[in-house]
Amino acid sequence: MDKFLIEGGKCLRGEVRVSGAKNAALPIIAAALLVKGPLVIDNMPALQDVNTMLKLIESMGVKIERRGDMLVSIDASSIDSHKAPYELVKTMRASILVLGPLLAHFGEAEVSLPGGCAIGSRPVDLHIRGLEAMGANIVVEEGYIRATMDGRLKGAKIFFDTVTVTGTENILMAATLAEGQTIIENAAKEPEVTDLAECLVSMGADISGAGTDTIIINGVDALHSAEHSVVPDRIETGTFLVAAAMSGGKVTTTATKPGIQEAVLQKLIEAGASIEIGEDWITLDMQGKRPKAVNITTAPYPAFPTDMQAQFAAMNCVAEGVSHVKETIFENRFMHMQEMIRMGAKILIDGNTATIEGSTQLRGAPVMATDLRASASLVMLALVVEGETLIDRIYHIDRGYENIEEKFQAIGGKITRISANH
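Here's a quick rundown of the structure. Bear in mind that the values here come from a model prediction, so they are computed numbers and not experimental data.

1. Quick look at the side chain of Asp 49
Okay, step 1: Relative to the assigned elements, Asp 49 resides in helix α2 (residues 48-58).
Okay, step 2: On the accessibility criterion, Asp 49 (1% relative accessible area) is buried.
Okay, step 3: Only 2.9 Å separates the side chain of Asp 49 from the side chain of Arg 399, close enough to count as a polar contact.
Okay, step 4: If near-sequence neighbours (up to four positions away) are discounted, Asp 49 is found in contact with Lys 22, Leu 26, Met 92 and Arg 399.

Below you can see the structure in the form of structure tokens.
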């Protein structure tokens, strides 16, 4: 397995181009299954999870053509299987996103129960209940969700008792081809959901209310070919800005979307950063100062994102003062903190709250990546503390960050990938 060797104590300065958002790209790839003809997707990030999703639909007979670095054309008119096999699904939870589109377009779907990051229970029963309300017949047996229907799916009123991003996306996609009107209540409001809705509308879907907690979909008979550009990754944007803040440096993120970063930018200003924004760029300048500790509580969008919790925890480890970090979304999302403690961080964990006392005494140490965002936070901490850090199991990072070491090298980070076959 690859590892990162990082030499710390560096101040980060320069410019980083932000990639397309993984969490928007995956449902948009699944949306290609709704149409006979090409869906052309631009700003596609080069990530492990994206490759897995493309491989998954390719295994069903879908034609995939890559044009250049960030452009992919997906044509489902040659599809010959409606099964998402365990071998591919087990590596990534988002594979469940093919369930709604396959069922709505082809009348049947067989999707293995998913695997993915070990950050707590994320049940798929909300997806299943939603599709059943629309008239699907679903059985779960031998590790597979097997769904069929007679005729077309029927519009329905669907209320999610907990906010679910992939659940909202699955029902949203299925409803575009259903007969009549579907209303999703307590829908996820994430920008990635809105991005999927915009892509579906460009394919001819009739959707209103995306980005609010009530989405209304009037089913249409068929969707058509379209082109769509994936929304910039707000989590990658936040990661580089927080890393700059930790190092006392000055970094500009380009090709980004400042309007979907408000909760994170607010916390960075609280930490003492001066922030400037333009149409598609954000500059953070710490003017050499050490950040101030900030309290955070994670909650669904537009509140503070759970996917930025680990990065702010890393900043709080080296910040001035004491902070409280409260995780309300996933129950075991503090695994990175045990590794930070190995580097000298002063952290007390009590249930879903961590109390962090900032310190200037942290040092590099051998640590292990546990999930995607946790891994990024260890890289960030390693870049700013003194000494060398060796981070093991970095395949987690490659699932969600495109060329992270090259991007950090470009702004002054000393980070080297040691490949397993060395």
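Next comes the rest of the account.
2. Structural notes on helix α6 (residues 165-176)
Okay, step 1: With 12 residues, α6 should reach 16 Å at 1.5 Å per residue; the first-to-last C-alpha distance of 17 Å fits that figure.
Okay, step 2: Every buried residue of α6 is listed here: Gly 167, Thr 168, Glu 169, Asn 170, Ile 171, Leu 172, Met 173, Ala 174, Ala 175 and Thr 176.
Okay, step 3: Among the residues of α6, the N-terminal cap falls to Thr 164, whose side-chain oxygen and the backbone nitrogen of Gly 167 are separated by 2.8 Å.

3. Concerning the pattern of salt bridges
Note that side chains of opposite charge can pair when their charged atoms are close.
Okay, step 1: A full pass over the atoms with the stated rule returns 22 salt bridges.
Okay, step 2: The salt bridge involving Glu 185 is made with Lys 157; its shortest N-O contact spans 3.8 Å. Of this pair, Glu 185 sits in strand β11 (residues 181-185) while Lys 157 sits in strand β10 (residues 157-159), and the two are 28 residues apart along the sequence.
Okay, step 3: The class of Lys 157 is exposed, set by a relative accessible area of 59%.
Okay, step 4: Here the salt bridges do not stand alone but share partners, grouping Lys 83, Glu 110, Glu 141, Glu 142 and Arg 146 into one network.

4. Let's talk about the packing of helix α10 (residues 309-318) against helix α12 (residues 372-384)
Okay, step 1: It is at 8 Å that the axes of α10 and α12 come closest, and there the two elements cross at 25 degrees. What the angle tells us is that α10 and α12 run roughly parallel. You can see that α10 and α12 cross each other, and the crossing is right-handed. Contacts from Ala 310, Gln 311, Ala 314, Cys 317 and Val 318 of α10 reach α12 at Arg 373, Ala 374, Ser 377, Met 380, Leu 381 and Val 384.
Okay, step 2: Its residues placed into classes, the contact of α10 with α12 shows 8 nonpolar, 2 polar and 1 charged.

5. Quick look at the pairing of strand β7 (residues 108-112)
The side chains of a regular strand alternate, residue by residue, between the two faces of the sheet.
Okay, step 1: β7 sits mainly inside the fold: 4 of its 5 residues count as buried.
Okay, step 2: The pairing of strand β6 (residues 83-84) with β7 spans 2 bridges and is classified as parallel. In the sheet register, Lys 83 faces β7, and the bridge partner there is Glu 110.
Okay, step 3: Across 5 bridges, the pairing between β7 and strand β9 (residues 144-148) is antiparallel. Across the sheet, residue Val 111 finds its bridge partner in β9, namely Ile 145.

6. Section: the sheet that holds strand β3 (residues 38-42)
Okay, step 1: Taken together, 4 strands build an open sheet; the order of strands is β4-β5-β3-β14 and the sheet is mixed. In the strand order of this sheet, the two ends are held by β4 (63-67) and β14 (226-229), each with one partner. Taking the axes of each pair of neighbouring strands and ignoring which way they run, one obtains an average angle of 20 degrees across the sheet.
Okay, step 2: Here 5 bridges tie β4 to strand β5 (residues 71-75), and the two strands are oriented antiparallel to one another.

7. Brief notes about helix α8 (residues 234-247)
Along an α-helix, residues three or four apart share an orientation, since each turn contains 3.6 residues.
Okay, step 1: Its 14 residues give α8 an end-to-end C-alpha distance of 20 Å, which sits within 8% of 20 Å, the value for a rise of 1.5 Å per residue.
Okay, step 2: Of all 14 residues making up α8, 14 are buried, and the element is well covered by its neighbours.
Okay, step 3: Between the side-chain oxygen at the start of α8 and the backbone nitrogen of Ile 235 there is a gap of 2.8 Å, and the oxygen is on Asp 233.
Okay, step 4: Gly 248 occupies a position one or two residues after α8 and carries a positive phi of about 75 degrees.

Criteria and cut-off values
- Residues numbered from 1 in each chain as written.
- Predicted model: local features only at pLDDT ≥ 70, side-chain atom pairs only at ≥ 80, totals over all residues.
- Heavy atoms only, no water.
- Helix = DSSP H or I, 4+ residues; strand = E, 2+ residues; numbered from the N terminus.
- Buried < 20%, exposed > 50% of the residue type's maximum accessible area, 1.4 Å probe, protein only.
- Polar contact = N/O pair within 3.5 Å; in protein donor to acceptor, adjacent residues only side chain to side chain.
- Contact = heavy atoms within 4.5 Å.
- Expected span 1.5 Å × (residues − 1).
- Salt bridge = Lys/Arg side-chain N within 4 Å of Asp/Glu carboxyl O.
- Axes fitted to C-alpha atoms, helices over the stretch in contact; angles between N-to-C directions.
- Parallel < 35°, antiparallel > 145°, perpendicular 65-115°, else oblique.
- Left-handed = near helix turned anticlockwise from the far one by under 90°.
- Nonpolar A, V, L, I, M, F, W, Y, C, P; charged D, E, K, R; others polar.
- Pairing = 2+ DSSP bridges.

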